[in-house]
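Given next are the chains, with one letter for each unit.
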Amino acid sequence: EAGVAQSPRYKIIEKRQSVAFWCNPISGHATLYWYQQILGQGPKLLIQFQNNGVVDDSQLPKDRFSAERLKGVDSTLKIQPAKLEDSAVYLCASSLPALAGSPYEQYFGPGTRLTVT
Amino acid sequence: AQSVTQLDSHVSVSEGTPVLLRCNYSSSYSPSLFWYVQHPNKGLQLLLKYTSAATLVKGINGFEAEFKKSETSFHLTKPSAHMSDAAEYFCVGSGNTPLVFGKGTRLSVIA
């Protein structure tokens, strides 16, 4: 089965510019996640979608970050304007909906490495 | 609140020797626990998951982990390291919250 696709793989921008990342989850996966992984740290959840609705965006810096999943499949994450501290790898993951008492396995894409100069 | 602590930021072993990567968790709930591996420039891959069905969990590539409630630990082991095991390993927890990642342990394998 095809995995989670992300593009671009690498992006270099100057601070105050805008950038967008795209994610295509595994077919049939209703749940989609965006994570930020800063160098030397574990991934941090930014936002979780269930179909096209937001389940959790408590750690999303909403003054500059936005995300959407309009048709419940692909998703885009946007940063506007970017800051130096946004330099990180942005990971997209997808999963089937969690069942009661059963942990859900997330499948991760290769990530987009963002460098803000 | 759910949290996981990986006790070593870097572990170095010789090829063919055992691997031990340590993880402790804290949770107000019965946790779900995972180990993920991340090779350079590649996505995170699930090694194994604890679902409360068995305390000793076997995963891919010869890895296994044992859930010890008395010690609040979920250490990852492998009897014999291979060069291809060199990567970053993350212990991950989930109670009634989204996944929480540890800071990672970088495993180096020396020939």
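Residues numbered from 1 in each chain as written. Chains lettered and ligands numbered in written order. Predicted model: local features only at pLDDT ≥ 70, side-chain atom pairs only at ≥ 80, totals over all residues. Heavy atoms only, no water.

Draft legend 1. Expanded view of the overall build of chain A. What chain A contains, in helices and strands, is zero helices and eleven strands. Going from N to C terminus, chain A has its helices and strands arranged as β-β-β-β-β-β-β-β-β-β-β. In terms of C-alpha radius of gyration, chain A reaches 14 Å, essentially the compact-globule figure of 13 Å for 117 residues. Taking the principal axes of the C-alpha coordinates as reference, chain A spans close to 45 × 30 × 30 Å. Among the 117 residues that make up chain A, the fraction classed as buried is 44%. At a minimum sequence separation of 6, the contacts of chain A that also span at least 24 residues come to 55%. For chain A, the separation between the mean place of its 12 positive charges and that of its 10 negative charges on side chains is 6 Å. (Helix = DSSP H or I, 4+ residues; strand = E, 2+ residues; numbered from the N terminus. Rg over C-alpha atoms; globule rule 2.2 N^0.38 Å. Buried < 20%, exposed > 50% of the residue type's maximum accessible area, 1.4 Å probe, protein only. Contact = heavy atoms within 4.5 Å. Lys, Arg positive; Asp, Glu negative; His and termini not counted. Charge placed at Lys NZ, Arg CZ, Asp CG, Glu CD.)

Draft legend 2. Looking closely at the state of the cysteines. Taken as a whole and assessed by the stated rule, the structure comprises two disulfides over all chains. Each sulfur in the disulfide pair Cys23 of chain A and Cys92 of chain A lies 1.9 Å from the other. Taking the torsion about the S-S bond as the criterion, the Cys23 of chain A to Cys92 of chain A disulfide, at about -70 degrees, is left-handed. Within this pair, whereas Cys23 of chain A is found in strand 3 (residues 19-24), its partner Cys92 of chain A is found in strand 9 (residues 88-95), the two being separated by 69 residues in sequence. Residue Cys23 of chain B pairs covalently with Cys91 of chain B via a disulfide, S to S 2.0 Å. On the S-S bond that ties Cys23 of chain B to Cys91 of chain B, the torsion sits near -65 degrees, and the link is left-handed. You can see Cys23 of chain B sitting in strand 4 (residues 23-26) and its partner Cys91 of chain B sitting in strand 10 (residues 87-94), a full 68 residues away along the chain. (Disulfide = S-S within 2.5 Å.)

Draft legend 3. Broad picture of the interface of chain A and chain B. Contacts between the two partners involve 20 residues from chain A and, on the opposite side, 20 residues from chain B. Around 1500 Å² of area is buried between chain A and chain B when both sides are counted, 56% of it from carbon and sulfur atoms. Counting across the interface, chain A meets chain B through zero salt bridges. Listing elements by their share of the side of chain A that touches chain B, those giving two or more residues are strand 4 (31-37) and strand 5 (44-50) of chain A. Within the side of chain A that touches chain B, the residues separate by chemical class into nine nonpolar, seven polar and four charged. (Buried area = accessible area lost by both parts, 1.4 Å probe. Salt bridge = Lys/Arg side-chain N within 4 Å of Asp/Glu carboxyl O. Nonpolar A, V, L, I, M, F, W, Y, C, P; charged D, E, K, R; others polar.)

Draft legend 4. Spotlight on the sheet that holds strand 3 of chain A. Residue and element names in this part refer to chain A. Spatially, the four strands line up as an open sheet ordered 1-3-8-7, and their pairing is antiparallel. Each having just a single partner strand, strand 1 (5-7) and strand 7 (65-68) make up the two edges of the open sheet. Between one strand and the next, the sheet's axes are offset by a mean angle of 15 degrees, whatever the strand orientation. Note: strand 3 against strand 8 (residues 75-79), five bridges, orientation antiparallel. Across the sheet, Cys23 pairs through a bridge with Ser75, a residue of strand 8. (Pairing = 2+ DSSP bridges. Axes fitted to C-alpha atoms, helices over the stretch in contact; angles between N-to-C directions.)

Draft legend 5. Layout of the nonpolar core. Core analysis: the biggest nonpolar cluster contains 25 residues, and Trp35, Phe74, Leu76 and Tyr89 of chain B have the highest contact counts within it. For Phe74 of chain B, the residues in contact, after removing those within four places along its chain, are Cys23, Leu33, Phe34, Trp35, Leu48, Tyr50, Val57, Ala65, Glu66 and Phe67 of chain B. By size, the runner-up hydrophobic cluster in this structure holds 21 residues, among which are Phe49, Ala82, Ala88 and Leu114 of chain A. (Core = buried A, V, L, I, M, F, W, Y, C linked by side-chain atoms within 4.5 Å.)

Note that all results are geometric; they support no functional claim without further evidence.
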